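Observations on the three-dimensional arrangement
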Amino acid sequence: MENLDQFRQQARNWLEANCPQSQRQAMTVEDQYWGGKGGSFVSEDAKLWFELMRDKGWIAPEWPKEYGGGGLDAAQGKIIKEEMKRIKARTPLYSHGVWMLGPALLEYGNEEQKQQHVRAIVNGEVRWCQGYSEPGSGSDLASLQCKAEDRGDHYLVNGSKTWTTAADKADWIFCLVRTDPKAKKQEGISFLLFDMATPGISVTPIDLISGKSEFCQTYFDDVKVPKSGLVGEVNKGWSIAKALLVHERKLMAEMGSDTPRQVVVPSAAAREYLDFEDGRITDSQLRGELVDYDMNMHAIALTHFRTFEERQAKVHSAAPLVMKYVGTEAELVKSELLLAIMGSRGLGWEGEEFSEEELDTLRLWAMSKSMTIAGGTSEIQLNVIAKNVLELPQS
Ligand SMILES: Cc1cc2nc3c(=O)[nH]c(=O)nc-3n(C[C@H](O)[C@H](O)[C@H](O)COP(=O)(O)OP(=O)(O)OC[C@H]3O[C@@H](n4cnc5c(N)ncnc54)[C@H](O)[C@@H]3O)c2cc1C
């Protein structure tokens, strides 16, 4: 424990000394740095902050040093997160590579793949997108049809993917493909990595309610993928796909605590927008909802803490399985509550009469709907809980 206290002090000192003041403020989506060939920093400070964190190994503190990580254990990694949060340090690199692909490659990739891709992820050199969902294969992911035929020295990929976040900006894709159409659906899938600049790939953005188009439809037409892009064994990609989803869901469970711009929290909004009498919110309905929300958030924070301690003690529990569901549903409640508290002030889409916070609140409300869908819908999460936690019979 003493060592961890010392480590915390060192981490705190380092962050205090190195994180520029401008990088200790809430950020907009535009401030995010996503790396890759097309990536650009919004300021010199953002660049400096990223480079310092990268050189320190703290873009991915718990990854091995030989691939650009910090070589730290989970307890130390948690301390870095906490200390960054303490000073409101911005996330220096937003990355599907860091959140999803990297951990999967460290577990399932061969040495050549780790050498080629993992450090490039940490260095922000390559931006990745996720080619899982297809038109008709979302929740039932294993029914995917995009196929890869073995053509001797390469695979020939044909088909399409949908909801591919930032496919139009990504350099590479990690993609699920069907390599054996005759096998049982989970047993004919492989996990392929390939360059988005390969001839035969086309991408069309899809418009969203939030006004931003991050999604794309991605088409593959006779795309030649070198066999070195196969992760793990052919037809055994389903296990890798599932392992990667665990990382994605873990990230999403924690999302509420890392919204791009840390919009006003409901209790603070209440102080600004609601009437009080004798220190109490006069609207009893909103008062009750606010108390429920705060208590729920407190319980979620404690459960996150518990799951971490259980992991450290190698105790198996059901809690991690429910966290994606409760975390994203809580975000939904938070957004609804903020709008209810702000009243008509929370309904502005544009215009100078609304504050930045008010405009962001409505956009985040629209975005919060998607969080209960991405990475597996809430209904699917409930199915998973029913099967694995409650041991209910399956249909
Ligand atoms: C913000 C966001 C980002 C995303 N990014 C990516 C990405 O980068 N790459 C990628 O591949 N995909 C991405 N997706 C897609 C996402 O993985 C799918 O939307 C999700 O898996 C649901 O699939 P679907 O949209 O086809 O819905 P469907 O599977 O068609 O489901 C429709 C509805 O039916 C319900 N339903 C379906 N099956 C069952 C069942 N068995 N029991 C109970 N209810 C059921 C669902 O819960 C849902 O409410 C993203 C989605 C979002 C919202």
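Read on for a plain summary of the structure.

Rules used throughout
- Residues numbered from 1 in each chain as written.
- Predicted model: local features only at pLDDT ≥ 70, side-chain atom pairs only at ≥ 80, totals over all residues.
- Heavy atoms only, no water.
- Helix = DSSP H or I, 4+ residues; strand = E, 2+ residues; numbered from the N terminus.
- Rg over C-alpha atoms; globule rule 2.2 N^0.38 Å.
- Buried < 20%, exposed > 50% of the residue type's maximum accessible area, 1.4 Å probe, protein only.
- Arc of directions from axis to C-beta.
- Contact = heavy atoms within 4.5 Å.
- Core = buried A, V, L, I, M, F, W, Y, C linked by side-chain atoms within 4.5 Å.
- Near = heavy atom within 4 Å.
- Polar contact = N/O pair within 3.5 Å; in protein donor to acceptor, adjacent residues only side chain to side chain.
- Areas by Shrake-Rupley, 256 points an atom, 1.4 Å probe, with all protein chains shown as cover.
- Nonpolar A, V, L, I, M, F, W, Y, C, P; charged D, E, K, R; others polar.
- Salt bridge = Lys/Arg side-chain N within 4 Å of Asp/Glu carboxyl O.
- Phe/Tyr/Trp six-rings, centres within 6.5 Å; stacked < 30°, edge-to-face > 60°.
- Axes fitted to C-alpha atoms, helices over the stretch in contact; angles between N-to-C directions.
- Parallel < 35°, antiparallel > 145°, perpendicular 65-115°, else oblique.
- Left-handed = near helix turned anticlockwise from the far one by under 90°.
- Pairing = 2+ DSSP bridges.

Here we take up the overall build of the protein chain. Helix and strand counts for the protein chain stand at eleven helices and ten strands. Over its C-alpha atoms the protein chain spans a radius of gyration of 22 Å, differing by no more than 12% from the 21 Å that the globule rule assigns to 395 residues. Taking the principal axes of the C-alpha coordinates as reference, the protein chain spans close to 75 × 50 × 45 Å. In the protein chain, which comprises 395 residues, the proportion classed as buried is 47%.

Considered for burial, the residues of helix α7 (residues 266–273) that qualify are Pro266, Ala269, Ala270 and Tyr273. Down the axis of α7, the sector holding all buried residues measures 105°, keeping them to one side. Facing away from the buried side of α7 by more than 90 degrees, the exposed set consists of Arg271 and Glu272. Taken together, the buried residues of α7 touch β9 (276–277), β10 (280–281), α8 (284–312), α9 (319–342) and α10 (356–371).

Moving on to the nonpolar core. Counting residues in each nonpolar core, the largest one holds 52 residues, and the members touching the most others are Trp58, Leu101, Tyr132, Phe174, Phe191 and Leu193. Only α1 (2–18), α2 (44–56), α3 (74–86), α4 (96–108), α5 (111–122), β4 (172–178), β5 (189–195) and α6 (237–253) provide two or more residues apiece to this core. Here this core takes seven residues from α4, the largest share from any one element. Those residues in contact with phenylalanine 174 that sit more than four places away from it in its chain are His96, Met100, Leu101, Trp128, Cys129, Gln130, Gly131, Tyr132, Phe191, Leu192, Leu193 and Leu244. Within the second largest apolar cluster, 19 residues are counted, among which are Ala148, Val157, Val177 and Cys216.

A separate point is the site of the ligand. Near the ligand lie 17 residues; those nearest to it are Gln130, Ser133, Ser139, Thr377 and Glu379. Within the backbone of tryptophan 163, an N or O atom sits 3.2 Å from a nitrogen atom of the ligand. Take glutamate 379: an N or O atom from its side chain is 2.6 Å from an oxygen atom of the ligand. For the ligand, the protein covers 65% of the area, taking 970 Å² as the surface of the free molecule. For the shell around the ligand, the leading source of residues is helix α11 (residues 378–388), giving three residues. Here the residues of the shell around the ligand sort into six nonpolar, ten polar and one charged.

Further remarks concern unusual backbone geometry. A positive phi angle is found at aspartate 222, which is not glycine, with a value near 55°. Mapped onto the elements of the fold, aspartate 222 is located in strand β7 (residues 215–226). The residue glutamate 391 is not glycine, and still its phi comes out positive at about 55°. Along the chain, glutamate 391 turns up in the segment after α11.

Moving on, we get to the pattern of salt bridges. Using the criterion set out here, one finds 20 salt bridges in the structure. The shortest N-O distance in the salt bridge between glutamate 82 and arginine 8 comes to 2.8 Å. You can see glutamate 82 sitting in helix α3 and its partner arginine 8 sitting in helix α1, a full 74 residues away along the chain. Judged by its relative accessible area of 25%, arginine 8 falls in the partly exposed class. Notably, a salt bridge pairs lysine 161 with glutamate 134, separated by 2.8 Å at the nearest N-O pair. Taken together, the residues lysine 161 in strand β3 (residues 154–161) and glutamate 134 in the loop between β1 (128–131) and β2 (147–150) connect sequence positions 27 residues apart. Comparing lysine 161 with glutamate 134 shows no difference in burial state: the two are buried. Shared partners join several salt bridges into a network, and the residues in it are Arg8, Arg12, Glu16, Arg24, Lys78, Glu82, Glu83 and Arg86.

Before going further, it helps to examine the packing of aromatic side chains. Throughout the structure, instances matching the rule amount to 13 aromatic pairs. With centroids separated by 5.7 Å and ring planes inclined at 40°, the aromatic side chains of phenylalanine 41 and phenylalanine 50 adopt a geometry described as tilted. When its relative accessible area of 25% is taken as the criterion, phenylalanine 41 is described as partly exposed. Arranged with centres 5.5 Å apart and planes meeting at 75°, the rings of phenylalanine 194 and phenylalanine 220 form a pair that is edge-to-face. Taken as a pair, phenylalanine 194 in strand β5 and phenylalanine 220 in strand β7 lie far apart in primary sequence, 26 residues in all. Judged by relative accessible area, phenylalanine 194 falls into the buried class, the value being 2%.

Moving on: the environment of leucine 390. Positionally, leucine 390 belongs in the segment after α11. Sequence spacing of leucine 390 and alanine 318 is 72 residues, and the spatial spacing of their C-alpha atoms is 9.4 Å.

A word on the packing of α4 against α6. The N-to-C vectors of α4 and α6 enclose an angle of 140°; their axes lie 9 Å apart at closest approach. In terms of orientation, α4 and α6 fall into the oblique class. Handedness of the α4/α6 crossing: right-handed. On α6, the residues that touch Trp99, Met100, Leu101, Pro103, Ala104, Glu107 and Tyr108 of α4 are Ser239, Ile240, Ala243, Leu244, His247, Glu248 and Leu251. For the contact of α4 with α6, the class distribution of residues is ten nonpolar, two polar and two charged.

Here we take up the pairing of β5. As a general feature of sheets, a regular strand has side chains that alternate between the two faces. Where burial is concerned, most of β5 is hidden: six out of the seven residues are buried. Bridge count between β4 and β5: seven bridges; the pairing is antiparallel. Within the sheet, the bridge partner assigned to phenylalanine 174 lies in β5 and is leucine 193.

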